[in-house]
Amino acid sequence: MATLYHAPNSRSSVVVSLIDELGADVEIVEVSVPRHDGSGGPDPNNPHPEKKVPFLVDGGETVRERGAIMVYLTDKYPEAGLGPLAGEPGRGAYLSWLFYYQGVMEPVIICRMAGVSHPVIEASLRDEATMTANLVETLGRQPYLLGERFSAADLLCSSPFLWLPDLLPENEAVRDWVARCGARPSLKRTLERDGIAG
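About the cut-offs
Residues numbered from 1 in each chain as written. Predicted model: local features only at pLDDT ≥ 70, side-chain atom pairs only at ≥ 80, totals over all residues. Heavy atoms only, no water. Helix = DSSP H or I, 4+ residues; strand = E, 2+ residues; numbered from the N terminus. Rg over C-alpha atoms; globule rule 2.2 N^0.38 Å. Buried < 20%, exposed > 50% of the residue type's maximum accessible area, 1.4 Å probe, protein only. Arc of directions from axis to C-beta. Contact = heavy atoms within 4.5 Å. Polar contact = N/O pair within 3.5 Å; in protein donor to acceptor, adjacent residues only side chain to side chain. Salt bridge = Lys/Arg side-chain N within 4 Å of Asp/Glu carboxyl O.

**Re the overall build of the protein**
Check the secondary structure of the protein and you find eight helices and four strands. For the protein, the N- to C-terminal ordering of α and β elements is β-α-β-β-β-α-α-α-α-α-α-α. For 198 residues, the compact-globule formula gives about 16 Å, and the C-alpha radius of gyration of the protein, at 17 Å, lands near that figure. Expressed as lengths along the three principal axes of its C-alpha atoms, the size of the protein is roughly 40 × 40 × 35 Å. The buried share of the protein, reckoned over its 198 residues, is 46%.

Now the structure itself:
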């Protein structure tokens, strides 16, 4: 059985929701991590090289970074239909959104939260307005990032707006998408598991 190392109320929570959506046979082990408020700390029971979460161990395989874990799990549990497999229509868009989140969305959001702005950052990652425009362009014509099909990419890309509603753009299509994603029963169960609701 695979094991996910998870810290409640953290970036790994969205992977817990994915495991729920997939009906995956994955043990979830809670560990502590350093928090922004100074609480928590590195957990010696966490096998992640940097003591971060999420971290997936599956036999001899280890996977870190949310996008990579999501591809790994949706490929392993294809019957749930939460990620197109190699050769299936939508695979390119699926991978692109997962990697766009990791490589652009999250860094842009972190820069905003930290109050950091620099021409080098904007030349490489662009800016929040460009990120929002990309979401608007896609979600203005379809309900989910892959069209009519909800996927793990929606779980991941909507997650910062669910955690930090102040980041939510003033765009009806994006707000409706975030609301649809946030209404998923798996997310509600994760909040209850993490002790945030219920």
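Past the structure itself, the notes keep going.
**A closer look at helix 7 (residues 172-182)**
Turning to helix 7, its buried residues are V174, W177, V178 and C181. Taken down its axis, helix 7 places every buried residue within 100° of arc, on the same side. Check the buried side of helix 7 and you find it contacts helix 5 (128-139), helix 6 (152-163) and helix 8 (185-193). The opening residue of helix 7 is N171, an N-cap whose side-chain oxygen sits 3.0 Å from the backbone nitrogen of A173.

**Quick look at the pattern of salt bridges**
This structure, assessed with the given rule, holds 11 salt bridges. Residue K76 pairs with D58 through a salt bridge whose shortest N-O separation is 2.6 Å. Separated by 18 residues along the polypeptide, K76 in helix 2 (residues 66-76) and D58 in strand 3 (residues 55-58) bring together distant segments of the chain. E106 is the salt-bridge partner of R66, the closest N and O atoms lying 2.2 Å from each other. On the criterion of sequence distance, the pair formed by R66 in helix 2 and E106 in helix 3 (residues 91-114) is long-range, its members being 40 residues apart. Comparing R66 with E106 shows no difference in burial state: the two are buried. When salt bridges with common partners are traced through the structure, they connect R11, R66 and E106 into a single cluster.

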